There are 2 protein chains.
Amino acid sequence: MPLKMSEIAAGIKEAAEFLKSGDCFCIVSHINPDGDTLGSAYALAGILESIGKQVQVRCASPIPPRYSYLAEGLKLSCTDPRQIVAVDIAGISLWGSLWEELGGRCDLLIDHHVSNERYAKLSVIDASASATAILMLELAEAMNVPLTKQIANAIFTGITTDTGCFRYSNTNAQTFEAGMILAQAGAETSMINKLMFETKTRAEMEIMRLALDSIEFHYEGRCAILTVTLDMREQAGYYDEDLGEIAALPRRVEGVQCGITIKQKSEDEFKISLRTVSGVNAYEIAGRFGGGGHARAAGCTLYGSLEEVREKIIEAVGDFLS
Amino acid sequence: MPLKMSEIAAGIKEAAEFLKSGDCFCIVSHINPDGDTLGSAYALAGILESIGKQVQVRCASPIPPRYSYLAEGLKLSCTDPRQIVAVDIAGISLWGSLWEELGGRCDLLIDHHVSNERYAKLSVIDASASATAILMLELAEAMNVPLTKQIANAIFTGITTDTGCFRYSNTNAQTFEAGMILAQAGAETSMINKLMFETKTRAEMEIMRLALDSIEFHYEGRCAILTVTLDMREQAGYYDEDLGEIAALPRRVEGVQCGITIKQKSEDEFKISLRTVSGVNAYEIAGRFGGGGHARAAGCTLYGSLEEVREKIIEAVGDFLS
């Protein structure tokens, strides 16, 4: 259950008091870090250093090099932390090895995931926030810390990555207001958006090329189907579980009512993602094969050869097209 | 020369008086219309209908179907216009056939292009605005017209398209502030961003596939080169002059210092676009072949066979890589 706004404001205030009373902080980001957990961590690091605290930022996974600007200008001088703070970490399993390493405790947890396990001494969870980084903006205000360029850049990074550059449905007036405040504070919004959304690794570019090569159209272009096999991953050197924007490609083609992505999991196991436009119910199609999801996005798992699986799903989609 | 802010405010006020005094308006968008000229036109149409005026929106080019939501809820009942208003049209040539058809005159011109020819009786040009649509927001305020969902959607469309979804360097605090105001007024920001930036035609998807197939890397991945030939355009059925996001693809690959796009213009004429990262001067590379541009983006034209042209440019780039 999300807290009410007054409870969140009280939580932010309590968090501010705790942060002012501490001296040497370890701020933890979740494993396989994204822009929100890292942006929130480095924003909080900047806020704490602004008021003379010692800080370190930790993550059990390697931090991708494109985030290196987040730490620019920070001292990160804490070597023996006494206070442990988690940002954007919904559950203990997402700490990776750090939960045990840091003594299995968390003093303060700041997050926006509705599913958060509230495992900390003080948990401040605002599920209405587009990103955990939004809460760092509120924290800076509550602590009377002026927004430096480093803090503004870090908060903006969290917000823009968690909203898909202001595209996802979690984008709201508060998100744009935060953008305004951060731009006024000197955040390099254009540079950050380019860096986060326009840069690809060679493996990503290569898997995208192979995926585009695989697109087939059926039912007079109303159904598009894209396949990513294990061989293609091998060829591209791309092993991420998440296909990123590739999974959304088939539905993005004009005129397509149902976009299908087939992702090979093993020799004879295939994960099917369905994305549909209004009027075609993805949930019903997936339901035929024991899958689930929502009206516009659903999924299921099919077994057999790639050809068998492809035929089965194309046939099923045909029954649902308008 | 851009006007000073006080002059712009005065211009907006004068424009508001003119609009209140008229009765039947023709609002003109520029040829090959984009989201800003159309968003501004339909926003102004909504503002004028809100205060009981008759309006029509005209464009000498066909309006792409993805913009159809802009007119939702409007009457567009003006058949014999008496006042002519141009939005986002920097020069008379961009009216296409409508300049003559409408009698070769313009009563009010609202734009944000610094190069605007100021050909109207009253020209309000604010080159500091991210989009002409921003000026519609100021106009609505000056005229005391509340923002309906239709007006808010139209203004948001202009702003997001002209800033590349808040990515281009013309994005500033005012842009985000406008986003906040429009989201508060009920603009469907997420839907619009998806529609404007995620949908592709089959020809666009196909030319992207072929373009990705053509990417080559040189100098240990520090230079990426992408080619779009006339044959490829033919095969994809893609004839737009503008390659859209394709031209930016080579530079987007991690580790690439210089991205090159070769666009075939005719049998033996090739347009070269160079995009570089900090440390490699695109302008100097293009200058060697009589081209021009900026440090990060420049271009030139080369003649010969594709193979000759490719060799020439790759060799030149090699001299400038760090």
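Remember, it's a predicted structure, so these values are computed and weren't measured experimentally. (Residues numbered from 1 in each chain as written. Chains lettered and ligands numbered in written order. Predicted model: local features only at pLDDT ≥ 70, side-chain atom pairs only at ≥ 80, totals over all residues. Heavy atoms only, no water.)

### Notes on the state of the cysteines
Working step 1: According to the stated counting rule, one finds 2 disulfides over all chains in the structure shown.
Working step 2: Across a sulfur-sulfur distance of 2.4 Å, C24(B) and C78(B) are joined as a disulfide pair. The sign of the 115° torsion about the S-S bond sets the C24(B)-C78(B) disulfide as right-handed. Residue C24(B) is found in strand β1 (residues 24-29), and its partner C78(B) is found in the loop between β2 (54-59) and β3 (83-87); the two are separated by 54 residues along the sequence.
Working step 3: What makes C24(B) buried here is its relative accessible area of 4%.
Working step 4: The exposure class assigned to C78(B) is buried, which follows from its relative accessible area of 4%.
Working step 5: Unpaired in this structure, C106(A) has its nearest cysteine sulfur neighbour in C26(A), at a distance of 9.7 Å. (Disulfide = S-S within 2.5 Å. Helix = DSSP H or I, 4+ residues; strand = E, 2+ residues; numbered from the N terminus. Buried < 20%, exposed > 50% of the residue type's maximum accessible area, 1.4 Å probe, protein only.)

### Brief notes about the relation of the copies chain A and chain B
For the pair of chain copies, the relating operation is a rotation around an axis with a shift along it.
Working step 1: Under the fitted operation, chain A is carried onto chain B by 0.1 Å of movement along the axis and a turn of 180°, and the coordinates agree to an RMSD of 0.1 Å. Accordingly, the operation relating the two chain copies is best matched by a two-fold axis. By C-alpha distance to the rotation axis, the residue of chain A lying nearest is F176(A), at 2.6 Å.
Working step 2: A share of 100% of the interface residues of chain A reappears at the interface of chain B, consistent with the copies meeting face to face through the same patch. (Least-squares fit on C-alpha atoms with pLDDT ≥ 70 in both. Contact = heavy atoms within 4.5 Å.)

### Digging into helix α12 (residues 306-320) of chain B
All names here are of chain B.
Working step 1: With 15 residues, α12 ought to run about 21 Å at 1.5 Å a step, and its terminal C-alpha atoms sit 22 Å apart, in line with that.
Working step 2: Burial in α12 covers these residues: L306, V309, R310, I313, I314, A316 and V317. Down the axis of α12, the buried side of the element spans an arc of 165°, and every buried residue falls inside it. Exposed side of α12, more than 90 degrees from the buried face: E311, E315 and D319 are the residues found there.
Working step 3: Tucked into the core, α12 has its buried residues touching β6 (216-218), β7 (223-228), β8 (258-266), β9 (269-276), α11 (282-287) and β11 (297-303). (Expected span 1.5 Å × (residues − 1). Arc of directions from axis to C-beta.)

### Side note on the packing of aromatic side chains
Here a ring pair, both rings aromatic, is described through the centre-centre distance and the interplanar angle of the planes.
Working step 1: By the definition in use, this model includes 17 aromatic pairs over all chains.
Working step 2: Both rings, one in F166(A) and one in F176(B), keep their centres 5.4 Å apart while their planes meet at 45°; by these two values the pair is tilted. Linking F166(A) in the loop between α5 (149-162) and α6 (173-184) with F176(B) in helix α6 (residues 173-184), this pair reaches from one chain into another. The residues F166(A) and F176(B) share a single accessibility class, namely buried.
Working step 3: When the ring of F156(B) is compared with that of F166(B), the centres are 6.0 Å apart and the planes differ by 40°; the resulting orientation is tilted. (Phe/Tyr/Trp six-rings, centres within 6.5 Å; stacked < 30°, edge-to-face > 60°.)

### Focus: the sheet that holds β9(B)
All names here are of chain B.
Working step 1: Strands sit in the order β6-β7-β8-β9-β11-β10 across an open sheet of 6 strands; the sheet is mixed. A single partner strand is all that each edge strand has here, and the edge strands are β6 and β10 (292-293).
Working step 2: Sitting on the sheet, α12 is in contact with β6, β7, β8, β9 and β11, with an inclination near 155° to β8. (Pairing = 2+ DSSP bridges. Axes fitted to C-alpha atoms, helices over the stretch in contact; angles between N-to-C directions.)

### Digging into the pattern of salt bridges
Working step 1: Counting across every chain of the model gives 24 salt bridges over all chains.
Working step 2: Among the ionic pairs, D23(A) bridges to R82(A), the shortest N-O distance being 3.0 Å. A residue pair is termed long-range when its members are at least 10 positions apart, and D23(A) in the loop between α1 (5-21) and β1 (24-29) and R82(A) in the loop between β2 (54-59) and β3 (83-87) qualify at 59 residues.
Working step 3: Between R105(B) and D107(B) there is a salt bridge, with its nearest N and O atoms 2.9 Å apart.
Working step 4: Taking relative accessible area as the criterion, D107(B) reaches 7% and is therefore assigned buried.
Working step 5: What you see here is one network of salt bridges that share partners, running through E206(A), R209(A), D213(A), E206(B), R209(B) and D213(B). (Salt bridge = Lys/Arg side-chain N within 4 Å of Asp/Glu carboxyl O.)

Function-wise, these values are silent; they only describe arrangement.
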